[in-house]
Amino acid sequence: MAAFAMWTPRRLLPLAFQNNRNIFKAMVILFATVSSGLACIAPFVNAFLLMLFGIPAFVLLCLELGRCHSKRVVNLGIRCILMWVLSITCWLNDRLFCEIWSRMKFPYLHCGWHIMIFIASYTACVLFAYFHAMVETPEQLPMLTYWPRDSWDTIGVPYITLASPTKKVFYKYIT
């Protein structure tokens, strides 16, 4: 929820919030607090409600990837989407067919869900930070890099660096 509040592009905010992100953040916090309170009342419903938050994130990610010109960022976005779909599939299998998987002596789907959704969520945060930086501060030239080596784009840990934190250069991101 914090990612929605921080990284939703200004152009996609509802008209009431476009000039004041703080009000939008307050509304997101209120919504998150109320939905988290549901966990005490109806945990089963809360799980599906929280899962629904992935849909706008998925749509927003697809929209931003469509605007992006960096092949490296687009490839990371595709891997993020695939990981998200795999994790949702794992979660649904665990929720709907738990007894079947337990009889087959394979009770590990929930663990797999947590690992895969962590990877997808972290990757999405990196991507949205990149998109935000490209729109809000393009003169700082944000770049997607990987740890421990920049060439390890399939197994490395992605993060964003600023190539020119003080240089005022126009970089075309939006066509």
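Data block above holds the structure.
Being a predicted model, the structure only gives us computed values, none of them experimental.

### Quick word on the layout of surface pockets
Volume-wise, the largest pocket comes out at about 740 Å³. As for the largest pocket, its lining consists of 29 residues, of which Phe53, Gly54, Ala57, Trp84 and Ser121 are closest to the centre. If you list the elements that add at least two residues to the lining of the largest pocket, you get helix 1 (2-7), helix 3 (43-52), helix 4 (54-67), helix 5 (71-96) and helix 7 (109-136). Per-element tally for the lining of the largest pocket: the top contributor is helix 7, with eight residues. When grouped by side-chain class, the residues that make up the lining of the largest pocket number 23 nonpolar, four polar and two charged. In this structure, the second largest pocket encloses a volume near 300 Å³. As for the second largest pocket, its lining consists of 16 residues, of which Leu76, Ile119, Thr123, Gly156 and Pro158 are closest to the centre.

### Focus on the packing of aromatic side chains
The final tally for this structure, using the stated rule, is seven aromatic pairs. With 5.4 Å between their ring centres and 85° between their planes, Phe106 and Tyr108 make a pair best called edge-to-face. Aromatic side chains Tyr130 and Phe131 sit 6.0 Å apart centroid to centroid with 70° between the ring planes, which places their arrangement in the edge-to-face category. No difference in accessibility class separates Tyr130 from Phe131, as the two residues are buried. Chaining the aromatic ring pairs together yields one cluster made of Trp101, Phe106 and Tyr108.

### Regarding the environment of Val135
For Val135, the location among the structural elements is in helix 7. When the C-alpha positions of Val135 and Pro9 are compared, they lie 8.1 Å apart, and in sequence the two are 126 residues distant.

### So, the side chain of Ser87
Structurally, Ser87 can be placed in helix 5. For Ser87, a relative accessible area of 0% translates into the label buried. With sequence-adjacent residues up to four places away left out, Ser87 is seen in contact with Trp113, Met116 and Ile117.

### Thoughts on unusual backbone geometry
At the junction of Trp147 and Pro148, the peptide bond is cis and its omega measures out at 5° in the coordinates. In this structure, Lys105 takes a positive phi of about 60° despite not being glycine. Here Lys105 shows up in the loop between helix 6 (98-103) and helix 7. Here Lys105 falls in the exposed class, since its relative accessible area comes to 69%. The backbone phi angle of Leu141 is positive, close to 50°, even though this residue is not glycine. Its place among the elements puts Leu141 in the loop between helix 7 and strand 1 (142-147). A relative accessible area of 22% places Leu141 in the partly exposed class.

Rules of the game
Residues numbered from 1 in each chain as written. Predicted model: local features only at pLDDT ≥ 70, side-chain atom pairs only at ≥ 80, totals over all residues. Heavy atoms only, no water. 1 Å grid on protein atoms, 1.4 Å probe; cavity = no way out; pocket = protein on both sides within 12 Å on 5 of 7 lines; lining within 4 Å. Points joined across faces, edges and corners; volume = space filled by probe spheres on them. Helix = DSSP H or I, 4+ residues; strand = E, 2+ residues; numbered from the N terminus. Nonpolar A, V, L, I, M, F, W, Y, C, P; charged D, E, K, R; others polar. Phe/Tyr/Trp six-rings, centres within 6.5 Å; stacked < 30°, edge-to-face > 60°. Buried < 20%, exposed > 50% of the residue type's maximum accessible area, 1.4 Å probe, protein only. Contact = heavy atoms within 4.5 Å.

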